[in-house]
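# Residue-level structure breakdown
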Amino acid sequence: MSDETPLYERVGGMPFFTALVEAFYRNVAVDPILRPMYPEEDLAPAAERLRMFLVQYWGGPRTYSETRGHPRLRARHMPFTIDADARDAWLRCMLDALAQQQLDDADRTAIEQYVLSAADFLVNASDA
């Protein structure tokens, strides 16, 4: 595949992102910092939103925007207090989920860099 092939295709498409998000939400379900941030007992709707977002971000179908509009990540997360502890918990859950996936080094690095940047971007509260 060429360097222009979207990451979505390089990693295996929908099955990869489904597995990643499922692993992430298994972690969230038992995380004492993150779990209280999800008002739904069933995490499936949140998982579906994250999967659609990641799929679209990495070059797959644009289902997220078609069903939810512009991602507006910061605005959508503003109702939640996201401090350094919440960011770190989210990163632990996501990086653990990512470590469970079979990826080449370049694709793993690309996803890791994105989630690190996104996690920092969403912090909206200080620890003070």
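Scope of this entry: the structure provided in the associated data block. Each chain carries its own residue numbering, running from 1 in the written order of its sequence. Owing to the predicted nature of the model, reporting of local features is limited to residues with pLDDT of at least 70; listing and counting of side-chain atom pairs is limited to 80 or more, with chain, interface and lining totals taken over all residues. For side-chain calculations, the full set of non-hydrogen atoms in the structure is used, while hydrogens and water are omitted.

### Describing the overall build of the protein chain
We apply this condition: Comment: elements are numbered from the N terminus, with helices defined as DSSP H or I runs of at least four residues and strands as E runs of at least two. We call a residue buried when its accessible area falls under 20% of the maximum for its residue type, exposed when it is over 50%, and partly exposed in between, using a 1.4 Å probe and counting protein chains only. Note on contacts: a residue pair is in contact if any heavy atoms of the two residues lie within 4.5 Å. What sets the accessible areas is the Shrake-Rupley method with a 1.4 Å probe; for residues, cover comes only from the shown protein chains.
Regarding its fold elements, the protein chain presents 7 helices and 0 strands. In the protein chain, the succession of α and β elements from N to C terminus is α-α-α-α-α-α-α. Expressed as a percentage of the 128 residues in the protein chain, the buried residues total 40%. Taking all contacts inside the protein chain whose residues are at least 6 apart in sequence as the whole, residues at least 24 apart take part in 65%. By element, 53% of the accessible surface of the protein chain is carried by carbon and sulfur atoms, the whole surface being about 7,300 Å².

### Points about the pattern of salt bridges
Between side chains of opposite charge, a pair can form when the charged atoms approach closely. Note the cut-off: Salt bridge, as used here, is a side-chain nitrogen of Lys or Arg placed within 4 Å of a carboxyl oxygen of Asp or Glu.
Throughout the structure, instances matching the rule amount to 5 salt bridges. The partner of arginine 10 in a salt bridge is aspartate 107, with the nearest N and O atoms 2.7 Å apart. With a gap of 97 residues between them, arginine 10 in helix α1 (residues 7-10) and aspartate 107 in helix α7 (residues 105-122) connect regions that are remote in the sequence. Classification of arginine 10 as partly exposed rests on a relative accessible area of 34%. One salt bridge connects aspartate 88 with arginine 87, and the closest N-O pair in it is separated by 3.0 Å. Residue classification places aspartate 88 among the partly exposed residues on the basis of a relative accessible area of 30%.

### Comments concerning the nonpolar core
Rules: Within this scheme, the nonpolar core is defined by two criteria: the residues are buried Ala, Val, Leu, Ile, Met, Phe, Trp, Tyr or Cys, and they are joined through side-chain atoms within 4.5 Å.
With 35 residues, the main nonpolar core has Phe17, Phe24, Tyr25 and Leu54 as its most contacted residues. Those elements giving two or more residues to this core turn out to be α1, α2 (14-29), α3 (44-57), α6 (84-99) and α7. Top contributing element to this core by residue count: α2, with 8 residues. If we skip the residues at most four places from it in the chain, leucine 54 touches Phe17, Leu20, Val21 and Tyr114.

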